[in-house]
Amino acid sequence: MDEKQKVNINLPQDVAEGQYANLAIISHSSSEFVIDFVRMMPNVQTANVKSRIILTPEHALRLLGALGENIERYEKEFGPIKSNNQPMPPIGFTGTKGNA
């Protein structure tokens, strides 16, 4: 039986502060998923990507599972998350993509 390897993770102060995003644009190829986190402001025609995360398909699937588990835990503690189900504004990107 193998012992689990312990990993020390460092969280620098500038990263710990985080970035607010209210839109995620997800693109993929056969070898990676790219998630761009964007902050859109009302009545502003330009939105900036605040962070880009690139994942292997395996890690994207793990992220999907982990996010699902955490949403379940959140809703058990705080109640259902309300969604307004409004369509996302049109974005002038081409290629394979999805919005989250």
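Only a predicted model underlies this, so the values are computations on that prediction, with no experimental measurement involved.

Thoughts on the packing of aromatic side chains
Thought 1: Across all of its chains, the model carries 1 aromatic pair by this definition.
Thought 2: On the basis of an interplanar angle of 45° and a centroid distance of 4.9 Å, the ring pair of Tyr74 and Phe78 is categorised as tilted. Residue Tyr74 and its partner Phe78 are both found in helix α2 (residues 57-78); the two are separated by 4 residues, about one turn of the helix.
Thought 3: Residue class for Tyr74 comes out partly exposed when judged on its relative accessible area of 43%.
Thought 4: A relative accessible area of 56% means that Phe78 is categorised as exposed.

Describing the confidence of the model for the chain
Thought 1: The predicted model of the chain has a mean per-residue pLDDT of 88, with 83% of residues at 70 or higher.
Thought 2: Mean pLDDT per element in the chain: strand β4 (residues 97-99) is the minimum at 54, and α2 is the maximum at 98.

Some remarks on the pattern of salt bridges
When charged atoms on two side chains of opposite charge get close, those side chains can pair.
Thought 1: Under the counting rule described, the total for this entry stands at 3 salt bridges.
Thought 2: Here Asp36 and Arg52 are joined by a salt bridge, their closest N and O atoms 2.6 Å apart. Note that Asp36 is positioned in strand β2 (residues 33-39) and Arg52 in strand β3 (residues 48-55), a separation of 16 residues in sequence.
Thought 3: Residue classification places Asp36 among the buried residues on the basis of a relative accessible area of 9%.
Thought 4: Classification of Arg52 as exposed rests on a relative accessible area of 52%.
Thought 5: The salt bridge involving Glu58 is made with Arg62; its shortest N-O contact spans 2.9 Å. Residue Glu58 and its partner Arg62 are located together in helix α2, separated by 4 residues, close to a single helical turn.
Thought 6: Taking the relative accessible area as the measure of exposure, Arg62 reaches 52% and is therefore exposed.

Procedures and definitions
Residues numbered from 1 in each chain as written. Predicted model: local features only at pLDDT ≥ 70, side-chain atom pairs only at ≥ 80, totals over all residues. Heavy atoms only, no water. Phe/Tyr/Trp six-rings, centres within 6.5 Å; stacked < 30°, edge-to-face > 60°. Helix = DSSP H or I, 4+ residues; strand = E, 2+ residues; numbered from the N terminus. Buried < 20%, exposed > 50% of the residue type's maximum accessible area, 1.4 Å probe, protein only. pLDDT = per-residue confidence, 0-100. Salt bridge = Lys/Arg side-chain N within 4 Å of Asp/Glu carboxyl O.

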